Amino acid sequence: MEEQQQNNLSPVERIKQASDGLRGTLKESLADGLTGALWEDDQSLIKFHGMYQQDDRDRREERSAKKLEWLYSYMIRLRLPGGFITGEQWEALHNIAGEHSTGVIKITTRQTIQLHGILKSHVKPTIQDFHTAKLDSISACGDVNRNVVCAAHPKQSAIHEQIYAYAGKLSEVGLPKTRAYYEIWLDDQPLTDKKQEEDPLYQDRYLPRKFKMAIAIPPNNDVDVFANDLGLIAIIENDKLIGFNVAAGGGLGATHGNANTYPRLASMLGFVEADEEKVLKVAYEIITIQRDYGNRSDRKMSRLKYTIDKMGVEAFKAELEKRCGFPLEKERPYAFTERADIYGWQQNHEGKWFYTVFTENGRVLDHETVALKTALLEVSQTRKANFRFTCNQKLILSDIEEKDKKEVEAILAKHNVLKHTDDASDVRKNAVACVAFNTCPLALAEAQRYLPSLITKIEGLFSKHKLEDNGTIIRMTGCPNGCGRPYVAEIGFVGTSYGHYNMHLGGDRQGERLNKKYKESLNEESILQELDSLFALYSKKRKKAETFGDFVVRENIV
Ligand code: SRM
Ligand code: SF4
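As the structure is a computational prediction, the values presented were derived from the model and not from experiment.

Chemist: Explain the overall build of the protein chain to me, please; I cannot follow it from the model alone.
Modeler: Per the secondary structure count, the protein chain includes 18 helices and 20 strands. Its C-alpha radius of gyration of 23 Å places the protein chain within 12% of the 24 Å reference for a compact globule of 558 residues. Seen through its principal axes, the protein chain has C-alpha atoms that stretch 70 × 55 × 55 Å. Of the contacts formed within the protein chain by residues at least 6 apart in sequence, a portion of 67% connects residues at least 24 apart. When the accessible surface of the protein chain is split by element, carbon and sulfur atoms take 49% of a total near 22300 Å². Computed over 77 positive and 80 negative side-chain charges, the inter-centroid distance for the protein chain is 3 Å.

What follows is the structure, encoded as structure tokens:
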């Protein structure tokens, strides 16, 4: 096998290889009661177990002034391929969040759940409680295949269940073989025969970097399929899934001031028929190429997008076909028209009911005006709804029988969830913000704590210019890493320093065009001034039904 030989391996490469299947000294450093932190190498390793060590950045100064260690805690992210849990699991999650974390249940941009603020002594009990609820966090982070996302709303098509099943199978393909998770967190006995955990996919070095997969069902690109290392686009003919268009090399992370880094949309490679073995083989071999050719010395340059740009798309495709042992066919026609979640009561092809709940920036907690968390707990306790998560950080109460709809609706009404959802404008519903402060160590500016108030002001500008709310896609992140996918928004804000954002304009509605940087490091006043002028132009010069993103591109504003 052709393998790229690289000198100067990054420190994380050494940590992975010396980790004995991701065990490291996690058991020992977890038991070290002198610090709330883990030992240094273990801080890298816990990511593979779905966790990050963080600290409360709001309290750094106070802690330092008191000569105290920073307030360390852990974020745990679940592996939920396709973003689905039962009502019973939601109730368990609610209780686990209350007992071990800040209590806020956070729905992420990759269709799963994170809990924050878990103290070191609570980490293991949290994982054990998750296990009891048949939930795990294996590979939710780290240099492996991450949570596999798929089209969220079953109303979209009768093949939704098939696509959801594919998400599960792709997740299995990308699971490491090591039993470390079970030994460390669930006290399983080590295997007597270590050969059983030999890992032909990841070997002992895992991937050079994170790897992400998504499956979209046209016409909705709610998963932002082109932002993924591997994007599969379901091709449906006569209501039957006939296969997938395969796109590879998407990724959004960039670093301010490092021109070698850039967001990139996935390149179309071709089509694979809906033969499970073949589809999984394509995914597996794309991962092996990245394993073998990805940059292991500079982590900023190690995502698949850079590997593909270095090799060239055609050479990458040829290598893939060689490894698969079959060619990809020519890509099939498809069309995306939107990325938004579907609101209001909806029925799928089997007559089951679905209701998308507006969970702003994915944060589930009780507010003064809406008891969101309490309502969802009560719904879960009826066991009459499942819970599905969307890549727009929202929640769908799903699979509700006709006879149970009234009961669920009454709970939502009692706690003001219906009104809260109905009252939110489309622009607010479509908005996405990453976590940023106070937990993200990489945040340069606020995102989820700030975007809601900025949206209120932007709504004011829409009214001022008599623009109807057509759901303009606005996204914000606290740094250029792109967790809220701001580079594929019509208006993207990317944090540069506290209170300042680069403003990007010109993404399209369906997620097929990157936006461009329009202005740098604006504060709120400048953001609103810029938007005021742009909306004035948009209001005067736009064509019928033209979106803001399309308008700024046609007018050469970016
Ligand atoms: Fe992300 C790192 C949060 C989706 C690109 N991301 C982080 C960390 C873990 C910070 C860190 O490394 O210590 C953030 C934790 C914040 C916190 O306190 O919780 C974080 N990312 C998130 C979430 C929770 C944002 C959200 O508010 O929903 C999303 C969790 C997804 C999940 O469930 O798995 C999240 N991150 C994304 C996405 C969007 C996507 O995948 O569709 C991207 C852009 C797509 C991509 O991967 O290119 C993304 N996150 C990054 C990057 C840049 C990677 C790169 O290639 O340069 C980093 C930094 C890194 O890896 O070094 C990062
Ligand atoms: Fe943190 Fe930056 Fe990701 Fe936001 S975009 S969660 S600030 S890493």
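Chemist: Would you mind showing me how to read the nonpolar core here?
Modeler: As a rule of thumb, nonpolar side chains are buried together in soluble globular proteins. Formed by 98 residues in total, the largest nonpolar core has its most connected members in Trp90, Ile113, Trp185, Phe244, Ile286 and Leu397. Broken down by element, this core gets its largest block of residues, eight residues, from helix H9 (residues 276-293). Excluding residues that lie within four positions of it along the chain, phenylalanine 244 makes contacts with Ile163, Tyr166, Ile215, Leu232, Ile233, Ala234, Ile235, Gly270, Phe271, Val272 and Val279. Among the nonpolar cores identified, the runner-up in size contains 34 residues, and Phe437, Ala447, Phe462 and Leu467 belong to it.

Chemist: Can you help me understand the side chain of glutamate 13 in this one?
Modeler: Summarising the element assignment, glutamate 13 is placed in helix H1 (residues 11-17). Accessibility expressed as a relative area gives 1% for glutamate 13, which makes it buried. Engagement of the side chain of glutamate 13 in a polar contact is seen with the side chain of lysine 16, the distance being 2.8 Å. Discounting residues that sit within four places of it in the chain, glutamate 13 has contacts with Arg205, Leu207, Pro208 and Arg296.

Chemist: Just to check I follow, could you spell out the coordination of the iron atom of ligand 1 for this structure?
Modeler: Octahedral six-donor coordination of a metal ideally yields angles of 90 or 180 degrees, compared with 109.5 degrees for tetrahedral four-donor coordination. In this structure the iron atom of ligand 1 is ligated by exactly one protein donor, Cys483 (SG), at 2.3 Å. Along the chain, cysteine 483 turns up in the loop between strand E17 (474-477) and strand E18 (491-497).

Chemist: Explain the site of ligand 2 here, please?
Modeler: Every residue near ligand 2 is listed here: Cys434, Val435, Ala436, Cys440, Leu442, Ala443, Thr477, Gly478, Cys479, Asn481, Gly482 and Cys483. Here the residues of the shell around ligand 2 are counted per class, giving eight nonpolar, four polar and no charged.

Chemist: Which parts of the structure should I look at to understand the confidence of the model for the protein chain?
Modeler: In regions of low pLDDT, the predicted coordinates are not meant to be interpreted in detail. Across the protein chain, pLDDT averages 96, with 99% of residues at or above 70. A low-confidence stretch, residues 1-5 (pLDDT under 50), is modelled with 15 contacts involving residues beyond four sequence positions or located in other chains.

Chemist: Mind showing me how you'd approach the sheet that holds strand E14 (residues 386-389) here?
Modeler: Whether parallel or antiparallel, the strands of a sheet pair through hydrogen bonds between backbone atoms. Across the sheet, five strands lie side by side as E3-E14-E15-E12-E11; this open sheet has antiparallel pairing. Since the sheet does not close on itself, it has two edges, and those belong to strand E3 (84-85) and strand E11 (346-347), each with one partner. With two bridges joining them, E11 and strand E12 (residues 353-357) adopt antiparallel strand pairing. Counterpart to glutamine 346 in the pairing with E12 is phenylalanine 354.

Chemist: Is there a simple way to think about the site of ligand 1 in this case?
Modeler: In the neighbourhood of ligand 1, 30 residues make up the surrounding shell, with Thr108, Leu252, Thr439, Cys483 and Arg485 lying closest. Take arginine 209: an N or O atom from its side chain is 3.0 Å from an oxygen atom of ligand 1. At 3.5 Å from an oxygen atom of ligand 1 is found a main-chain nitrogen or oxygen belonging to glycine 253. Broken down by secondary-structure element, the contributors of at least two residues to the shell around ligand 1 are strand E1 (51-55), strand E2 (72-77) and strand E5 (113-118). Partitioning the shell around ligand 1 into residue classes produces ten nonpolar, twelve polar and eight charged.

Chemist: Got a minute to help me understand unusual backbone geometry in this structure?
Modeler: Glycine aside, negative phi is the norm for most residues, and most peptide bonds take the trans geometry. Geometrically, the link from proline 218 to proline 219 is a cis peptide bond, its omega value of 15 degrees lying close to zero. Positionally, proline 219 belongs in the loop between strand E7 (213-216) and strand E8 (230-237). Between phenylalanine 437 and asparagine 438 the backbone carries a cis peptide bond, its omega angle lying at 10 degrees. Here glutamine 393, not a glycine, exhibits a phi torsion of approximately 70 degrees, which is positive. Looking at where glutamine 393 falls in the secondary structure, it is placed in the loop between E14 and strand E15 (395-400). The class for glutamine 393 is buried, based on a relative accessible area of 1%. With phi around 55 degrees, asparagine 556 is a residue other than glycine that occupies positive phi space. Residue asparagine 556 is classed as exposed on the basis of its relative accessible area of 64%.

About the criteria used
Residues numbered from 1 in each chain as written. Chains lettered and ligands numbered in written order. Predicted model: local features only at pLDDT ≥ 70, side-chain atom pairs only at ≥ 80, totals over all residues. Heavy atoms only, no water. Helix = DSSP H or I, 4+ residues; strand = E, 2+ residues; numbered from the N terminus. Rg over C-alpha atoms; globule rule 2.2 N^0.38 Å. Contact = heavy atoms within 4.5 Å. Areas by Shrake-Rupley, 256 points an atom, 1.4 Å probe, with all protein chains shown as cover. Lys, Arg positive; Asp, Glu negative; His and termini not counted. Charge placed at Lys NZ, Arg CZ, Asp CG, Glu CD. Core = buried A, V, L, I, M, F, W, Y, C linked by side-chain atoms within 4.5 Å. Buried < 20%, exposed > 50% of the residue type's maximum accessible area, 1.4 Å probe, protein only. Polar contact = N/O pair within 3.5 Å; in protein donor to acceptor, adjacent residues only side chain to side chain. Donors = N, O, S within 2.8 Å, 3.2 Å for Na, K, Ca; no water. Near = heavy atom within 4 Å. Nonpolar A, V, L, I, M, F, W, Y, C, P; charged D, E, K, R; others polar. pLDDT = per-residue confidence, 0-100. Pairing = 2+ DSSP bridges.

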